[in-house]
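Structural overview
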Amino acid sequence: MMSWTPARDREKYGVAIYNFSGINEACIKLNVGNTVQILEELGGWFFGYTLDNKALRGVFPKSYIQVRDCIVDKSGPVEVVTARLPPIVQEVTAVLREWGVLLRKLYVERSKEFTLLRDTMTELIVHRSKILCGQLPGDELKQLKHRITLGIDRVNAKLGLDLVVRDENGNILNPDITSAVKLFRHHDEAAAQLRKHESSHGRAPSVRRKSHLAWTALVAIKNIIIKVPEPSEISLGLYIGDPREGREKPLTEAFIIPWTDEGYNSHPDLLLKLKCLFTDLSTATLDDNQVWLIGSVVRLGSMASKEVDPRRVSSMMGKKSIYTNDSMRRPFGVLMMDITPLITKQRSITVPANGTQDEDHFATFYPCGEKETLDMKKLLSRDVVRDNKTGFQGIWFTFQLINGDIKQLQEDNPHYVALRDVPVALRLGLSDVIMPGDVRNDLYVTLLSGEFSRGAKTCDRNVEVTVRICNERGEVIPGVIHQGCGQGPLDEYHSVTYHHEGKPRWAETFKITLPIEEFKKAHIKFTFRHRSTNDVKDKNEKPFSMSFVKLMQSNGTTLLNTEHELIVYKIDGKKWNDGDSNYLSLPWRRINGEEIVKSWNHGVAPSLKDSFTISTTFCSTKLTQNAELLRLLEWGWSGSQDKQTLLSCLQGLRRVPPEELMVFLQDTLDVLLEILMNNTTDDESDNYVFEALIYVITIATDKNKHEAFQPVLDSYIQQNFHATLAYNKLIHVLKDYVREGQNTKRQETLKKAMKCLQYVFKFITRSRQLFVELYGRGQEEFEKSLQQLLEEMALMMKHTVDTTLTVQAHCLKYITTTIPDIITNFDPIIMSEILVKMIDNLEPRRIPKQKLMTMNEIIHSELFKIPDCRRVLLPSFIVIIRSLLDANEEAADYEVVMRKERNIEKLKRMLDFDSLAHLPEARNMTEELELCVKILGDILDVLFSSDVGPTIEDISLLSFKMLEAILSTICRMTRDDPLICKFVSALVSLLRQMTERHYKNFLNKFQTSDQLCIFLLDLLLVVENLVKVPVFPSDWAEMILLQNSVIVTVLKQCSRVICERLLDPFKEPVWCKFFHCAISFITQPSLQLEDFTQSKRNKIISRYRDMRRDTSLDIKSLWFSLGQHKIRFVAATDGRQSMVGPFLKMTMLPDVELRKGTIPIFFDMMQCEFYSSRDQGKDLPPDMARNNQKNKGKFNEFENEMLEKLDQLVESGHGDEHYRQVFQNIIGALYEDHATMREPGRKFVSTVTRLMDRLLQYRTIMNTPDNSAETRMSCIVNLLDFYSEINRKELYLRYVYKLSELHLACDNYTEAGYTLRQHADLLRWSSDPLSVALRSPHYLNIDRHDELKEKLYEEIISYFDKGKMWEDAVKLCKELVKHYEEVIVNYVKLSDLLNRMAGFYRNIMNPQNLRPESEYFRVAYYGRGFPAFLQNKVFVYRGNGFERLADFTSRILDQFPNAELMKKLTPPSDEVKESPQQFLQISKVDCAVQGQKLLSTAVAEQIRSYYRANHVKVFTYSRPFHRGQKDPTNEFATLCIEKTTLTTSYSLPGILRCFPVIKTRSIELSPLENAVETMSTANTEVYDLVKKYSRDSTLLLHPLTRKVSGMVDAAVMGGIVNYEKAFLTPEYIASHPNDEEKLDNLRHLIAAQIPILEAALSIHANRVTEPVAGLHEHMVTSFSKMKAQVQDKYGEAEMPEDLKIQIRPLRLQSQLSVNSDQASRSSHLYSNHDSVEADGMELGSPREESRNDKPRMSFTRGLHAISSELIFMGMSLSNSQSSLSRLSTSGKGYPGTLPRQHKISSTIGNGTSTKSSKEKKSFSRLLRRESFSSQRESSTQWFDRSEPHAVPPQPIIELTEQVTVPLTPERPKRIDAERDRYLTRPRSLTISSSHSVTPSPSIGSRESLMSTPTGSVCEEEAPPPLPVKLRDQDGDSASVRLSALSLVAPKPVFAFPPDLSPEPPRKPPRPDKNHNHEDPSLL
């Protein structure tokens, strides 16, 4: 049986390529992309686990897994297998995983960065796939890698993620092997690149080449669209100059493209090969010139093009035109395009050689005629011809500009196919850089123009030029002419032939390539012949003229690069021999001023009229055109010793152009060195040669012009240099120059020699190496002479004259460049000593900047890597750096700085400088300081390397000499100093490289504890500042983490030395500073791992561990080592800082182990205070109780500090529920084991845990934006109650002001005033000083009780004034009056205050100041879903202004959108209370105000209304229900009321708009008791109205009319009748003998109504107006009947004494006349009156029927005036008036009338109606049920509407017959709008928009009727529809509902108070709220 075998290492990692769901339980499920680790294998199965879930192991098939290369790490306890992937792929994978989490977050937040992140992730996935395919070449991979890293860094910066630092190859830097300085610099560079990238608006960073480098242009032809009749050729090249002006000049060779009429259709592969490289394009040329791509199209054939006969096409198919030597080259047209924009664009971006440029460009073709020339200026002036079939003719091509010449490109991109076998078109000139070994000898000849006479011809000739290259014998040299690249060499070149052109202009260029030996003897021969149009004649045509030009001049130089006008010789055909060379003896060019004599020689004679001009460009590295240079070269090669000739040649060398000299650099150097070696005359000649050599080297190393030749020079020295003896002469001559450095004659040469010192020593060392290779001796003499030279240079540094300053500076600057060459043949230690001498010999302030730069260069040299050399160099460098830092510190001294600042300011004014940067001294100081820190950083960076040998001594030296100076410098710097980051990085690097041995040695150097304290305080101060105010940006994660890891080590070493040396004697400042520094360190944001992503957290832990734990353990260990000194850090006394707060902050860090380890410190602190001495002196530090001293026995100071810091820290985000639990468990357990401190410990733990509960609730509520202001206020009050309970005034007042600010933000001025009153109540009217706990954050400068109390009172009074709580403001004013009058006796303040009080009193009594009576609501919060301080609690809320139940309910539901609204007031079950959901129970409550003398009727209504709704603590609400079986005929018999009284914790208004209910009491009223209370309430209401109207004659009449009419109408007597039927029957009396007293009360109340109503009617009669006169008569009649019935049954009741007024006899009046003055008084309210009609209406007695319409309609008008006014003015109507809603009318009536279709009849007096009894009953229902409904008590339920409100006095509304008031909408002010809405809203009346007569629904249950408050407009109003979330708590299906009736009313006509808008604003319907909607037509 087969068994499982362990997997091999290379097969332990795989990726699932298919989904696998498993076969049985032994299998694991796989998804595509899951990575698996393979443990074992068997057959076709693997056993292992997925890396996502390592705990679940199982089997899976092999075929589903793709095995990948992996790395198996077995070094740890567990084998770790990771994929073997390129670093960039691993980075991309990690980035994609991290961004994937962030992408979801950005999507949820709808962030605008989502698109950027998504697109970048998609791009990274594509790039990752390309890299994984493994098929990318190296350079493309490098480019792709750069693009990936750039994209990652860009997105990270955009999203605020960590900055990724990379090395030069793009790989992420490993901090473990990177020095802190280098890590900082990479961070700085990466951040700078990102800033640059952002500033360039997202463009890819461009890589600009230096101006001296060459460029190469790759042109690839994509398509040719040119119609040619015969075979042709296209000569394509780059030109400079504008051809539109005829100034074009060829820049490169031409690219020849053969072209036929068939194109490349049969050979499409040839089209792909049409590419050309135009190379050696210099930057200067591209910068200074306009570049064109120009091509000439030449037809190859006969003189005239032959048109193809269409009839012969078939016969010619398959035949090709054959080009022969006899074919003419005829012009056909030109192609051209300005490519300057393309070059500019591509130079601005990075285009690699293998980059793709897919953009196609089109060069337009300009054709020329048969008789035209290729004159570009003339052709461009024409319009381009468009072909009907092919469109514009031309060529399509791509253009790619690449940096570098062709050799460089081929070396860098050997694989790039596009560069292989591509023709190369060279520039018409030498390259900018000519490397040794580069040989070129090309001559470019351009045929410019000619002028030829006709001769025997009648017209101008068709001239063709034939060019041949011949030797001195006249023989033609074959294959040396090149028309262009892409075509082979030619034996002869034929020009284009123009038709009858006597002055042809060719502008044709070709190249001649000859070996140097043949070049010197060759010449060019030009022959001219006429080409005939006749083929036969053309074959017989002979040349008619010739010209020639010699390639070498008589002085041995080559032909100059210029135009040459050649002599044209006529040919005698009979005597001319084409192979004869005798003509070479004749002159070949025209010379100005010389006459040409026409004479025949050798068959030729010069033509005086004909001319021929060419131009030549010679490109050679071996043959020169300069005579001076040629003379020197020939002199050197000849080996002459003539001193004068040598001097002349050397002087002539300076006249050679530098460009020419650079071409022959190698030859020139060879000659000069050869002369120097072979010269045996004298030293003076050596000096001349040395000066010439320095001159040449200086030119070659000139960075501004010929920097590109430095590689040429280096290559020459290494490969072509052969002067083996030159080093002796060079050392000797240079030493002489240095020794005579003060000689002004030689200083110029010495300056140049110092500048090129590097190459001088390269010549010396290379020459010595060659000598050693040949002879191998003389090393000692060489070293001695070289040492003497270097010593002389060191002595030169002692010169102090100004003339040598430049030489010294150059020597210091360039001596470091010689180090690599010198140490190859010289002792490096001696070299180091000499360098130190050079630096030390300089005066301290002589070129200090250059001295520092030289030191920096030495540090980067090979010398500094040698330990022995460092022992020489480093001490000297440290001394210099330390001195500069000390000098800077002295300059930073305060007095010095102030003195300098004054001088600087003075200098600024004198010189008009804007900034300090213009001042040299300050600028130099900054530059020197920057160089110091750079040198220091470079030293540390080099010492961190692994190839520099042991560095223990070096680090020790640096720490001893530099550490204190660095700390001092950092302490002086501010955070905005640009150098502080560099100094900090150097400090971190030094501390990092210090081992434990270094720390011990360094700290032991401080002999005394005071010295150690000073250093430790400085060190800890710097560390603490670095932690609290970081110098590095927050996204420099790697740098910050490295800094923190170093700080951990520093703190560990500090804790060790503090514990060892500073405990005795005890140094409290150091201990305190260490605790604060360490705690600041572990609480910094960069160490809070919980805030990071999982990948970042894992990376930090794997590299640095959790640094917080290590440091916290050090803190704990140090604390417990304090011993008796612990008590010093417990309480904050005598200026000492308590450590309770810092330790608390530390223990709150969200790390379980850290919390468990550090929380016991608190128990130790409590023990310290508990056992501390009680009788400790004031001037002594706290100490523990000793011997017989009494201990304190409590820890109140610790507790106070603990509570205060706990409040601050929890609010700032520290701590959580877990911490509260851990704290309670640990401290509680420690106290339980402590017998003495058990009880106070329990109390303390309870206090802390309770406070944390409230603080955590507060933080959660305040940090959740969805919570309302009321919820936040309640949470604050919850904390206030706790702090009040534990008597923590300072914390209490802290939240008092927070609560006040919240109230002010919500415009709750009343509550803000009450809140500040809490502080004022804690103060006294005395001048005692304030304690710290009682100070106000608003008045920090006040320190006395009375002053602060006065200020607070003034602020509170202003808030009460804004909240219209003038009564409360008056109370405070009275206290201030007493204070001003009796205590401080300040009559000025008193007078102002009294005036202000008078204003408050006026405001109270001003009827225009509308103060709404706030309504109160009961809100019960059931369920655990609410905050803890709301759960299962009941609150009473004070409404906002005119807010009613529906609006309040909506507001509360908005605050808790997840809550359900309960429908019933019944108590909920326990299940509901404990459920995790939210349930709300909301209902209206009434104020229960008793014992208030200000509520009597004798007090003004304005005052009474205030005390009815304010300062209330007891509230009531009623719930109606039926006991037993409901009587369907009389519901009052079983209607009971449950009346509940609620008592709140505080009266309202107060510091909150709500307070919890602390007491609830419910009573039940029987049906009889309900009836008694209802009747009593009704009588009281009428009595109050009578008293009010008797006092104020200006009140509106309609409230009294409404109330009385409902009670006196006999039709409404059903209320009393129902009471009589229910309770005053013999059956009821017999069955309820105990209710006799209650029945008597009911009878008495019924009888007592009569005198009250009589008094009300008397007042009504005195103020009745014509519109209501009829109604008044009806009321009087009804009252008479009612009075008779009641007195008959219950006797006559006596009128109260205060109502006994004179009553007029009541008479029935059928007509009421209106006085003229009354009419005028009322008519001014209306305008545009219309007639009022009521068809079919008949009211009054038969006597009235005979009268006119006006008196007959008076009753109707009065009725409708009352109706419309009551409905549309929004007044609180009585229940009888609410029955108007039962009257459905048509909507087509006029204002003030009933609809015509509806007829009303009634009986008035003894009159009889002519209408039916049905209509009579309809009118009776109009005024029904007032008597019983008006007698009921006002009770409120959850569905109730608001109570009646006092209405300010308004004009009496009177209607006449002609009434029409057009209503124009206006936008009133806010307060006016609220008042209008309050006055005009039909609060309980639902208006329907139906225009049909709708029958009234039946009256609802009496239960609903009794639940409606007295004074509602509509008794049967339906409750608002229930919200969506409802929960019925009881199972009773018979819910209390009200009937909803509709009334279609005509448009109302009414007046408004003078200060209100004539029309209320339109109130939009609220479909989102469940209540009745108003009819828009009513608005």
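Below is a summary of the structure that appears in this document. (Residues numbered from 1 in each chain as written. Predicted model: local features only at pLDDT ≥ 70, side-chain atom pairs only at ≥ 80, totals over all residues. Heavy atoms only, no water.)

1. Things to note about the side chain of Arg768
Here Arg768 shows up in helix H21 (residues 757–774). Buried charge without a partner: Arg768 forms no salt bridge, and the closest opposite charge is Glu781, 6.3 Å away. Ignoring sequence-local partners within four residues, the contact set of Arg768 consists of Tyr727, Arg777, Gly778, Gln779, Phe782 and Asn825. (Helix = DSSP H or I, 4+ residues; strand = E, 2+ residues; numbered from the N terminus. Buried < 20%, exposed > 50% of the residue type's maximum accessible area, 1.4 Å probe, protein only. Lys, Arg positive; Asp, Glu negative; His and termini not counted. Salt bridge = Lys/Arg side-chain N within 4 Å of Asp/Glu carboxyl O. Contact = heavy atoms within 4.5 Å.)

2. Description of unusual backbone geometry
Residue Pro1065 is reached from Asp1064 by a cis peptide bond, and omega for that bond is 5°. Geometrically, the link from Leu1548 to Pro1549 is a cis peptide bond, its omega value of 0° lying close to zero. Note on placement: Pro1549 falls in the loop between strand S37 (1535–1548) and strand S38 (1554–1565). A positive phi is found at Arg1105, a non-glycine position, where the angle reads about 65°. Within the element layout of this structure, Arg1105 appears in the loop between helix H36 (1094–1104) and helix H37 (1107–1120).

3. Focus: the side chain of Ser1326
Secondary-structure assignment places Ser1326 in the loop between helix H46 (1309–1320) and helix H47 (1345–1362). Ser1326 has contacts with His1345 and Asp1346, leaving out every residue within four places of it along the chain.

4. Thoughts on the sheet that holds strand S23 (residues 481–482)
Strand order in the open sheet formed by five strands is S23-S25-S21-S31-S28, and the pairing between neighbours is antiparallel. Since the sheet does not close on itself, it has two edges, and those belong to S23 and strand S28 (563–566), each with one partner. When S28 meets strand S31 (residues 611–620), the two strands line up antiparallel, connected through four bridges. Within S31, the position partnered with Glu563 by the bridge is Ser615. (Pairing = 2+ DSSP bridges.)

5. Quick notes on the nonpolar core
In this structure, Met793, Phe1143 and Phe1162 are the most contacted members of the largest nonpolar core, which totals 324 residues. By residue number, the principal contributor to this core is helix H34 (residues 1037–1061), which donates 12 residues. When sequence neighbours within four positions are dropped, the list of residues in contact with Phe1162 reads Val1140, Phe1143, Leu1144, Thr1147, Phe1198, Met1202, Tyr1219, Phe1223 and Ile1227. Membership of the second largest hydrophobic core comes to 58 residues, among which are Leu300, Leu379, Tyr493 and Ile524. (Core = buried A, V, L, I, M, F, W, Y, C linked by side-chain atoms within 4.5 Å.)

6. Re the sheet that holds strand S24 (residues 492–494)
Backbone hydrogen bonds hold the strands of a sheet together, and the pairing may be parallel or antiparallel. The six strands are arranged S24-S22-S26-S27-S29-S30 in an open sheet whose pairing can be described as antiparallel. Only two strands of the sheet have a single partner each, and these edge strands are S24 and strand S30 (604–606). In this sheet, adjacent strand axes meet at a mean angle of 25° when their direction is disregarded. Bridge analysis of strand S22 (residues 463–470) against strand S26 (residues 523–530) gives eight bridges, and the strand direction is antiparallel. Bridge assignment links Val465 to a residue of S26, and that residue is Phe528. (Axes fitted to C-alpha atoms, helices over the stretch in contact; angles between N-to-C directions.)

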